[in-house]
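In case you want the letters, here they are:
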Amino acid sequence: MSATSLSHAEALSHSASDDRPYRPTRVPAPRMSTVRPPEPGPEDERPPVILIAEDHEDSRDALRTLLDAFGFRVVEAGNGREAVERALTERPDVILMDMMMPYVDGFQATREIRAVEELRGVPILAITAMEGARQRVLDAGCDDLVPKPIDVRAFLDQIRVWARRGRVA
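Residues numbered from 1 in each chain as written. Predicted model: local features only at pLDDT ≥ 70, side-chain atom pairs only at ≥ 80, totals over all residues. Heavy atoms only, no water.

**Description of the nonpolar core**
This is how the line gets drawn: To define a nonpolar core, start from buried Ala, Val, Leu, Ile, Met, Phe, Trp, Tyr and Cys residues and group those joined through side-chain atoms within 4.5 Å. Only protein chains enter the accessibility calculation, which uses a 1.4 Å probe. A residue is then buried if its area is under 20% of the maximum for its type, exposed if over 50%, and partly exposed in between. Only heavy atoms matter for contacts: two residues are in contact if any of them lie within 4.5 Å across the pair.
Counting 26 residues, the largest nonpolar core has Ile95, Met97, Met99, Ile113 and Val137 as its most contacted members. Beyond its immediate chain neighbours, meaning those up to four positions away, Met99 contacts Asp105, Gly106, Phe107, Thr110, Ala126, Ile127, Thr128, Met130, Val137 and Cys142. If you look at the next biggest cluster of nonpolar residues, it comprises 18 residues, including Ile52, Phe72, Leu125 and Val146.

Quick look at the structure:
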């Protein structure tokens, strides 16, 4: 029996008479995140508000957890109808819009939000796994596309850029 196939306890009691030296298995060191926290702003400045319109609770939870950790304030909607209502009441800086939702899909919700004068300048980023959806979501009124599965670093950079633009609008 080779020393590398031994359990931890067996390796500790490994006989010195074995002709092969014991070599512990190398465990790679964990990689450190290179994602930057949000840039600090004036003390009285409120954090950017991001509306997440997503019907899958697990996806909403993951996005909320990520955005919360990086200093964004998150508002949630579970379908397109709620997304339109929350956009009207919360006036978010950015809207993350899942395009395939029940009741009112993201395409229709985007068109309804764009019809409201006060919300026309709010960036809407489509979140979708649909292949070749870029032109379709742009035609519906979205400003950009976040492809699923989400690349966290690229996603956070994208949110930062659009949040700055949304706050100016």
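Here the narrative resumes, following the displayed structure.
**Considerations on the environment of Leu63**
So the rule is basically this: Each helix corresponds to a stretch of at least 4 residues labelled H or I by DSSP, and each strand to a stretch of at least 2 residues labelled E; elements are numbered beginning at the N terminus.
Within the element layout of this structure, Leu63 appears in helix α2 (residues 57–69). When its relative accessible area of 7% is taken as the criterion, Leu63 is described as buried. Along the sequence, Leu63 and Ile52 sit eleven residues apart, while their C-alpha atoms lie 7.8 Å from each other. Sequence-distant contacts of Leu63, defined by excluding residues within four places in its chain, comprise Ile52, Ile127, Ile150 and Phe155.

**Some points on helix α3 (residues 80–90)**
Under the convention used in this document: The directions considered for the arc are those from the helix axis to the C-beta atoms. Within 3.5 Å is the distance limit for a polar contact, defined as a pair of N or O atoms, with the added protein rule that one can donate a hydrogen and the other accept it, and that residues adjacent in sequence qualify only through two side-chain atoms.
Within the sequence span of α3, burial applies to Gly80, Ala83, Val84 and Ala87. The buried residues of α3 all sit within an arc of 100° when viewed along its axis, so they share a single face. Contacts from the buried residues of α3 go to β1 (49–53), β2 (73–77), β3 (94–98) and α4 (106–114). Two to three positions downstream of the cap, the backbone nitrogen of Arg81 sits 2.9 Å from a side-chain oxygen, assigning the N-cap of α3 to Asn79. Phi for Arg91, located one or two positions after α3, is positive at around 50°.

**So, the pairing of strand β5 (residues 144–147)**
Successive side chains on a regular strand alternate, one facing one side of the sheet and the next facing the other. Heads up, the condition is: By the convention used here, strands pair only if DSSP detects at least 2 bridges between them. Note on handedness: a clockwise path from strand one over the helix to strand two, with the strands aimed away from the viewer, defines a right-handed crossover.
Where strand β4 (residues 124–128) meets β5, four bridges bridge the pair, whose relative direction is parallel. What sits directly across from Ile127, in β5, is Val146. For the segment spanning β4, helix α5 (residues 134–140) and β5, crossover handedness is right-handed.

**Side note on unusual backbone geometry**
Residue Pro149 follows Lys148 across a cis peptide bond; omega there is -5°. Structurally, Pro149 can be placed in the loop between β5 and α6 (152–168). A positive phi angle, close to 50°, is found at Arg91, a residue other than glycine. For Arg91, the position within the fold is in the loop between α3 and β3. Since its relative accessible area comes to 37%, Arg91 is described here as partly exposed. Unlike most non-glycine residues, Tyr103 shows phi in positive territory, near 70°. Relative to the helices and strands, Tyr103 is located in the loop between β3 and α4. For Tyr103, a relative accessible area of 75% gives the class exposed.

**Overview of the pattern of salt bridges**
Note the threshold: The working definition used for a salt bridge is a side-chain nitrogen of Lys or Arg within 4 Å of a carboxyl oxygen of Asp or Glu.
Within the structure shown, the criterion is met by twelve salt bridges. Between Glu76 and Arg64 there is a salt bridge, and its shortest N-O distance comes to 2.5 Å. One end of the pair, Glu76, is in strand β2; the other, Arg64, is in helix α2, with twelve residues separating them in the sequence. Classification of Glu76 as partly exposed rests on a relative accessible area of 22%. The shortest N-O distance in the salt bridge between Arg134 and Asp144 comes to 3.5 Å.

**Remarks on the sheet that holds β1**
Where we set the bar: In this analysis an axis means a line fitted to C-alpha atoms, helices contributing only their contacting stretch, and an angle means the value between N-to-C directions, from 0 to 180 degrees.
On the basis of which strands lie adjacent, the open sheet formed by five strands has the order β2-β1-β3-β4-β5 and parallel pairing. Of all the strands in the sheet, the pair left with one neighbour each is β2 and β5. Shown here is a sheet whose adjacent strand axes are inclined to one another by a mean of 25°, direction ignored. Summarising the sheet, β3 and β4 pair through four bridges and their orientation is parallel. What sits directly across from Leu96, in β4, is Leu125. Sheet contacts for α2: β1, β2, β3 and β4; angle to β2, the most-contacted strand, approximately 165°. Strands β1, β2 and β3 of the sheet are contacted by α3, whose axis makes an angle of about 145° with β2.

Honestly, it's all geometry; don't read function into it.
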